[in-house]
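# Architecture and fold: a report
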Amino acid sequence: MSLPLSLSKQPIYDHCFSVDRRSVAISKGNDVEIYELTDSSGKPRLLTTLKHHDKPVTALDISIDGKIVTCSQDRNALVWVPTNGDYKPTLVLLRINRAATCVKWSPNGKKFAVGSSARVISVCYFEDENDWWISKHIKRPLKSTILSLDWHPNNVLLACGSTDSHVRVFSAYIKGVDSKPSPTVWGERLPFQTLCLDHNLGSWVHDVKFDPTSNFLGAATHDGSVTFIYPGPGELEVAKISKVRTSFLPFRSLIFLSPSKVVVAGHDCYPIVFEGSAEEGWKHTYSIDDPATKKRNYNENQSALNMFRQMDLKGSSDTASSSLLTIHQNTINVLRPFQGTSGEVTKFSSSGNDGKVVIFDV
Amino acid sequence: MEEDWRRIDVDQFDPESQFVEDDLGLPSYTLEDLQGKFQQIRQSIASNNIAEGIKLSVTDAPYGSANDVKQSYLLAVLEVLNTAKQSEVNTVISQLSTEEVDVLVKIVYALMATSEGQRSGGALLGWLDKIVDSVGEGPIVRYLSDPYRI
């Protein structure tokens, strides 16, 4: 079963559910709207609109303690702190000269990272004296726009995917904010901006995620492939690459459902599941909301309204509906886990260019 | 204002913002290196073994080489593609792995950009059509984003 919510007439570039999963924040043009999800029969109710940006909001994220961070093409990010039922914006000093493209809270909610077209990742943390968020830049060796970011559960390591087709893992250790991390497969000594992994996937990297055990990475790329990268013992060493080429259109988003199962989605408008492991390799197993399993309903298309609509929009007198068989009617931009433990996700949510947010069962 | 300032490329004045592509470390073949391969391809055409000719063409394509080398490579492959009968195209494609089909699509697209390829455009489109029918749009999606170009 899946629960579709039509929330916007504009594309939704990013969505995020609150920690208790009772409300959802979506990007809508220059604003962010927060909807409360009432009982299953009722429609979602608009709680509040966060207005401050003057260019489209490209990404947003909600921290574990309920703070919302938004970033926009106007080169700014804002942290919205819940106060007396409303949200109060706090300034973030990103120091970038291009659009901000993606933003993610660290798991403990003390820092966040903003990726941008300025070939910079701004790692932001709160400064009490001035009551604003300040940033440190990760610059080298980034060569192009950052498209995705993901935090390691230790709040220090940060994975990023970029249009220079590289996947990289950096240390975003901030003195005074973080405690010293214990050694992991990614490295032992981790001062700020340490490069822990760098690998070229040969195509734009739209999304990159740590697996639930944090021992390897999964990446979705523009060539319709999913790649899994296993780090080796040496410095910057890659032990194993498992690349699955598919015949799907480019993928935009990827999440791990368990250490041996991922779901990806993108220009094909429905979620696609891959399963496997380092030893056996990965392969496509099934799709959720697969259009191949559905039948077109011709009865709905015989109305005069539909006929004239077809003639008006497409100039065709064909009675077949132009709508897709999938729930999403356009590219899926973002997938996020909705329900389940970190190692075993049972429900996930998606949002797309058709202005829908959909909750899918795995 | 006289000048169309919206079209000024501001990045060209910033030395730091020039995007330098990764060095892919490809071997650069010369025409002499490839003579052996051309010979083999011609033999497979002579013996009417299209499957082998295609297989040869899609292994170790000369990505990093000079344009004239690539050009003569493409023309050699074009001969194979032209010799194939429409009826045997499907069997040939079914014998190729995903990676090999990707390379074949790359070659077909590169050929479409040459005047020789355009003269036999019908055959090239026939190949592309059959590939999409049997494996879907994946190879085209990959062609568009592939840094390894012929």
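Residues numbered from 1 in each chain as written. Chains lettered and ligands numbered in written order. Predicted model: local features only at pLDDT ≥ 70, side-chain atom pairs only at ≥ 80, totals over all residues. Heavy atoms only, no water.

The name given to chain B in an unreviewed UniProt entry is Actin-related protein 2/3 complex subunit 5, and the organism recorded there is Brettanomyces naardenensis. Under Sequence similarities (unreviewed entry), UniProt gives the following word-for-word description of chain B: "Belongs to the ARPC5 family." Regarding chain B, the relevant UniProt record gives this comment under Subcellular location (unreviewed entry): "Cytoplasm, Cytoskeleton". (UniProt positions renumbered as here; feature names shortened; annotations may be inferred.)

By the naming in an unreviewed UniProt entry, chain A is Actin-related protein 2/3 complex subunit, taken from Brettanomyces naardenensis. Quoted verbatim from the Sequence similarities (unreviewed entry) heading of the UniProt record, the comment on chain A is "Belongs to the WD repeat ARPC1 family." The UniProt entry for chain A carries this comment under Subcellular location (unreviewed entry): "Cytoplasm, Cytoskeleton, Actin patch".

Attention now goes to the overall build of chain A. A count of helical and extended segments in chain A gives one helix and 28 strands. For 362 residues, the compact-globule estimate of 2.2 N^0.38 gives 21 Å, and the C-alpha radius of gyration of chain A, at 21 Å, lies within 12% of that figure. Principal axes of the C-alpha set define a box for chain A whose edges measure 70 × 50 × 35 Å. Among the 362 residues that make up chain A, the fraction classed as buried is 54%. In chain A, 49% of the contacts between residues at least 6 apart in sequence involve partners at least 24 apart. Surface accessibility of chain A: about 16,100 Å² in total, with carbon and sulfur atoms responsible for 50%. If the 40 positive side-chain charges of chain A are averaged to one point and the 37 negative ones to another, these points end up 4 Å apart. (Helix = DSSP H or I, 4+ residues; strand = E, 2+ residues; numbered from the N terminus. Rg over C-alpha atoms; globule rule 2.2 N^0.38 Å. Buried < 20%, exposed > 50% of the residue type's maximum accessible area, 1.4 Å probe, protein only. Contact = heavy atoms within 4.5 Å. Areas by Shrake-Rupley, 256 points an atom, 1.4 Å probe, with all protein chains shown as cover. Lys, Arg positive; Asp, Glu negative; His and termini not counted. Charge placed at Lys NZ, Arg CZ, Asp CG, Glu CD.)

All names here are of chain A. With antiparallel pairing, the four strands of this open sheet are ordered in space as S22-S23-S24-S25. Looking at the sheet topology across the chains shown, the edges are occupied by strand S22 (251-258) and strand S25 (281-287). This sheet shows a mean twist of 25 degrees between the axes of neighbouring strands, independent of strand direction. Sheet topology note: the strand S23 (residues 261-266)/strand S24 (residues 272-277) ladder contains four bridges and is antiparallel. Looking across to S24, one finds that Val264 is bridged to Ile272. (Pairing = 2+ DSSP bridges. Axes fitted to C-alpha atoms, helices over the stretch in contact; angles between N-to-C directions.)

This part is about the packing of helix H3 (residues 67-83) of chain B against helix H5 (residues 98-112) of chain B. All names here are of chain B. Taken N-terminus to C-terminus, the directions of H3 and H5 make an angle of 105 degrees; their axes are 10 Å apart at the nearest point. One finds that H3 runs roughly perpendicular with respect to H5. For the pair H3 and H5, contact is made by Tyr73, Leu74, Val77, Leu78 and Leu81 and by Leu104, Ile107, Val108, Ala110 and Leu111, respectively. Residue composition of the contact of H3 with H5, by class: ten nonpolar, no polar and no charged. (Parallel < 35°, antiparallel > 145°, perpendicular 65-115°, else oblique. Nonpolar A, V, L, I, M, F, W, Y, C, P; charged D, E, K, R; others polar.)

What follows deals with the pairing of strand S20 (residues 225-231) of chain A. One face of the sheet, then the other: side chains in a regular strand alternate in exactly this way. Residue and element names in this part refer to chain A. The buried fraction of S20 amounts to seven of the seven residues, a majority that puts the element mostly inside the structure. What you see with S20 is no split at all: Ser225, Thr227, Ile229 and Pro231 on one side and Val226, Phe228 and Tyr230 on the other are buried throughout. Where strand S19 (residues 217-221) and S20 come together, four bridges link them in antiparallel fashion. Across the sheet, the residue bridging to Ala220 is Val226, located in S20. Counted between consecutive antiparallel strands, the loop separating S19 from S20 contains three residues, among which Gly224 sits at a positive phi close to 70 degrees. Across seven bridges, the pairing between S20 and strand S21 (residues 238-245) is antiparallel. Residue pairing for S21: Ile229 is matched across the bridge by Ile241. Here S20 folds back onto S21 in antiparallel fashion, the turn holding six residues, of which Leu236 has a positive phi close to 60 degrees.

To continue, consider the nonpolar core. Residues and elements named next belong to chain B. One finds Ile54, Leu81, Leu104, Ile107 and Trp127 to be the most contacted residues of the largest nonpolar core, which totals 38 residues. Elements that contribute at least two residues to this core include exactly helix H1 (31-46), helix H2 (50-58), H3, helix H4 (86-94), H5, helix H7 (121-135) and helix H8 (138-145). If we skip the residues at most four places from it in the chain, Trp127 touches Ile54, Leu81, Ala84, Val89, Val92, Ile93 and Leu104. (Core = buried A, V, L, I, M, F, W, Y, C linked by side-chain atoms within 4.5 Å.)

Residue and element names in this part refer to chain B. Listed as buried for H2 are Ile50, Gly53, Ile54, Leu56, Ser57 and Val58. Where H2 is buried, its residues meet H1, H3, H4, H5 and H7. Directly after H2, the chain includes Asp60, whose backbone phi takes a positive value near 50 degrees.

In protein structure, a disulfide is the covalent linkage between the sulfur atoms of two cysteines. All names here are of chain A. Overall, the coordinates contain zero disulfides over all chains when judged by the stated rule. Cys124 takes part in no disulfide bond, and the closest cysteine sulfur to it belongs to Cys71, at a distance of 9.8 Å. Of the cysteine sulfurs around Cys160, a residue in no disulfide, the closest is that of Cys102, at 8.3 Å. Taking the relative accessible area as the measure of exposure, Cys160 reaches 0% and is therefore buried. (Disulfide = S-S within 2.5 Å.)

We now examine the interface of chain B and chain A. Chain B puts 20 residues into the contact, and the matching count from chain A is 19 residues. In total, about 1,300 Å² of surface goes out of reach between chain B and chain A, with carbon and sulfur atoms giving 46% of it. Applying the counting criterion to the chain B and chain A interface returns two salt bridges. Between Glu99 of chain B and Arg245 of chain A there is a salt bridge, and its shortest N-O distance comes to 3.3 Å. In this structure, the connection of chain B to chain A is made through five residue pairs in polar contact (both at pLDDT 80 or more). Among the elements of the structure, H5 and H8 of chain B are those that each provide at least two residues to the side of chain B that touches chain A. Ranked by the residues each element gives to the side of chain B that touches chain A, the list is headed by H8 of chain B, at five residues. Residues belonging to the side of chain B that touches chain A are distributed by class as follows: six nonpolar, five polar and nine charged. (Buried area = accessible area lost by both parts, 1.4 Å probe. Salt bridge = Lys/Arg side-chain N within 4 Å of Asp/Glu carboxyl O. Polar contact = N/O pair within 3.5 Å; in protein donor to acceptor, adjacent residues only side chain to side chain.)

With that out of the way, let us pick up the packing of aromatic side chains. Under the definition given, this model contains 19 aromatic pairs over all chains. Geometrically, the ring pair formed by Trp105 of chain A and Phe112 of chain A is edge-to-face, given 5.1 Å between the ring centres and 70 degrees between the ring planes. Residue classification places Phe112 of chain A among the buried positions, given a relative accessible area of 0%. Clustering of aromatic rings is evident, with ring pairs tying together Phe216, Phe228, Tyr230, Phe256 and Trp282 of chain A. Between Lys136 of chain A and the ring centre of Phe192 of chain A, over which it is positioned, the NZ or CZ distance is 4.6 Å. Here the basic side chain of Arg149 of chain B rests over the ring of Tyr143 of chain B, its NZ or CZ set 5.2 Å away from the ring centre. (Phe/Tyr/Trp six-rings, centres within 6.5 Å; stacked < 30°, edge-to-face > 60°. Lys NZ or Arg CZ within 6 Å of the ring centre and 35° of its normal.)

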